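An overview of the molecular structure
One letter stands for each residue in the lines below.
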Amino acid sequence: MPSSPLFRRATVTRIVQETADARTFTLKPLDGPLTYEAGQYCIFRITVDGRPAPRAYSFSSAPGFDDEITTTVKRVPGGAASNWLHDHVREGDELELTAARGRFTLRPADTPLLGFCGGSGITPVLSLAKSTLAGTDRRVRLLCADRNRGQAIFHDTLTDLAARHPDRLDVVRHLDDLRGYLSAADIKEFVGADAGADAYVCGPEPFMELVESALAGTGRVFSERFGGGEAPASVPTTPPAHVKAAGTVTVVMQGRRQTIAKRPGETLLQSARRAGFAPPFSCEAGNCATCMAILREGTATMRANDALMDDEVAEGYVLTCQAVPDEDAASVVVEYE
Ligand SMILES: Cc1cc2nc3c(=O)[nH]c(=O)nc-3n(C[C@H](O)[C@H](O)[C@H](O)COP(=O)(O)OP(=O)(O)OC[C@H]3O[C@@H](n4cnc5c(N)ncnc54)[C@H](O)[C@@H]3O)c2cc1C
Ligand code: FES
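From a predicted model like this one, the values you see are computed outputs, not experimental measurements. (Residues numbered from 1 in each chain as written. Chains lettered and ligands numbered in written order. Predicted model: local features only at pLDDT ≥ 70, side-chain atom pairs only at ≥ 80, totals over all residues. Heavy atoms only, no water.)

Overview of the nonpolar core
V251, L268, A289, L295 and Y336 are the most contacted members of the largest nonpolar core, which has 33 residues in total. Looking at this core, the elements that each hand over two or more residues are β3 (41-45), β14 (248-253), α7 (268-274), β16 (292-297), β18 (317-319) and β20 (331-336). With 4 residues, β16 is the single largest residue contributor to this core. Membership of the second largest hydrophobic core comes to 24 residues, among which are C117, L128, A162 and Y200. (Core = buried A, V, L, I, M, F, W, Y, C linked by side-chain atoms within 4.5 Å. Buried < 20%, exposed > 50% of the residue type's maximum accessible area, 1.4 Å probe, protein only. Helix = DSSP H or I, 4+ residues; strand = E, 2+ residues; numbered from the N terminus.)

If you want it as structure tokens, here you go:
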């Protein structure tokens, strides 16, 4: 696949098997340092069986704490990209990835940092925890929920870290096989006197919903959704076929080009699907950039954008799940890279 200005190449210098189904990939960018903040992620350009499967993976490393850049990927049963990364990527291989992005990052604060992680949700939270320990005097308290001890990613890493920072890092483990699922009461008990703290939440959707509702009314809550649950309620529905807008939408993907009539209010992602493509997407909420593509012609307005950076927007990239062609744009051409 030709290289693109959006993506840069990095060599996988080391692969560590963290648990039976989670691996950490150490990445060395070929063209100089990659700037990122703790808690951020990149989009990896992955192709599985000839189909684009770009996916977001968070950094498990932290700037100011780790010399190397790492990301940690958990296999998702039946999942295209996570299994491809586990089964096909070897040390010495190269991967393509975008610049770092995301708003699941640290804000200046004096309060403790509370981290709530379910399963692979530990990845960005570990990064935040390490950065907080290295760069501030704040206390860090983590509540890590996993099915069992064998599935607990970074179990030993966190135990070592807590031993090195006994006054500042506290890790509470919740293993479902010993205590059943985490409850709202467990979360409230964990928060205790730190109700004014910044809370960072990442894990499977039911875990996120439980923690977020249990934290309601406490300090600031930051959430990172990995996707994979129910489609978000905010997904706009495709407008009825009989409603037409003047103009066309042309979708270009993998060398194929298809032009269809514009429909008012329809996102470019919906248009691409209607045109017969299977475009990449994940959150459909403007958070992950998995659906990004470049506008080659015409204009469109994004309903939300929590994933693209200003320079990418200036270059013409859009989140196709959020971008609706402007009414006066007679011809819109969007290309998935
Ligand atoms: C901001 C962000 C950061 C992330 N960071 C991380 C991280 O650090 N580590 C990490 O492990 N993940 C992370 N993720 C999740 C990651 O991006 C992927 O979504 C995840 O790895 C699954 O991708 P996949 O291609 O393997 O699965 P997909 O192919 O996308 O499949 C997802 C789900 O759909 C099901 N499915 C797929 N195909 C079918 C089918 N034909 N019929 C029925 N069901 C099907 C699968 O079984 C699976 O349950 C992050 C996501 C986001 C948005
Ligand atoms: S699918 Fe996540 S931003 Fe569009």
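Let's talk about the pattern of salt bridges
The final tally for this structure, using the stated rule, is 22 salt bridges. R139 is paired through a salt bridge with D194; the nearest N and O atoms lie 3.2 Å apart. One end of the pair, R139, is in the loop between α2 (122-135) and β10 (140-146); the other, D194, is in the loop between α5 (184-191) and β12 (198-203), and 55 residues separate them in sequence. For R139, a relative accessible area of 37% gives the class partly exposed. Between D186 and R179 there is a salt bridge, with the nearest N and O atoms lying 3.2 Å from each other. (Salt bridge = Lys/Arg side-chain N within 4 Å of Asp/Glu carboxyl O.)

Details of unusual backbone geometry
Here D49, not a glycine, exhibits a phi torsion of approximately 50°, which is positive. Relative to the helices and strands, D49 resides in the loop between β4 (47-48) and β5 (51-52). Under the relative-accessibility criterion, D49 is labelled exposed at 78%. The residue A289 is not glycine, and still its phi comes out positive at about 70°. Inspection of the secondary structure assignment puts A289 in the loop between α7 and β16.

Focus on the site of ligand 1
What surrounds ligand 1 is a group of 20 residues, the closest being A56, Y57, P77, A81 and S82. Contact between ligand 1 and R55: an oxygen atom at 2.7 Å from a side-chain N or O atom of the residue. Here an oxygen atom of ligand 1 and a backbone polar atom of A80 are 2.8 Å apart. In the complex, the protein chains occlude 68% of the 970 Å² of accessible area that ligand 1 would expose alone. Mapped by element, the contributors of at least two residues to the shell around ligand 1 are β6 (55-58), β7 (69-74), α1 (80-88) and β13 (221-225). With 4 residues, the top contributor of residues to the shell around ligand 1 is β6. Residues of the shell around ligand 1, tallied by class, amount to 10 nonpolar, 6 polar and 4 charged. Looking at which domains feed residues into the shell around ligand 1, each of domain 1 (8-97) and domain 2 (113-225) supplies at least three. (Near = heavy atom within 4 Å. Polar contact = N/O pair within 3.5 Å; in protein donor to acceptor, adjacent residues only side chain to side chain. Areas by Shrake-Rupley, 256 points an atom, 1.4 Å probe, with all protein chains shown as cover. Nonpolar A, V, L, I, M, F, W, Y, C, P; charged D, E, K, R; others polar. Domains from an automatic or database assignment.)

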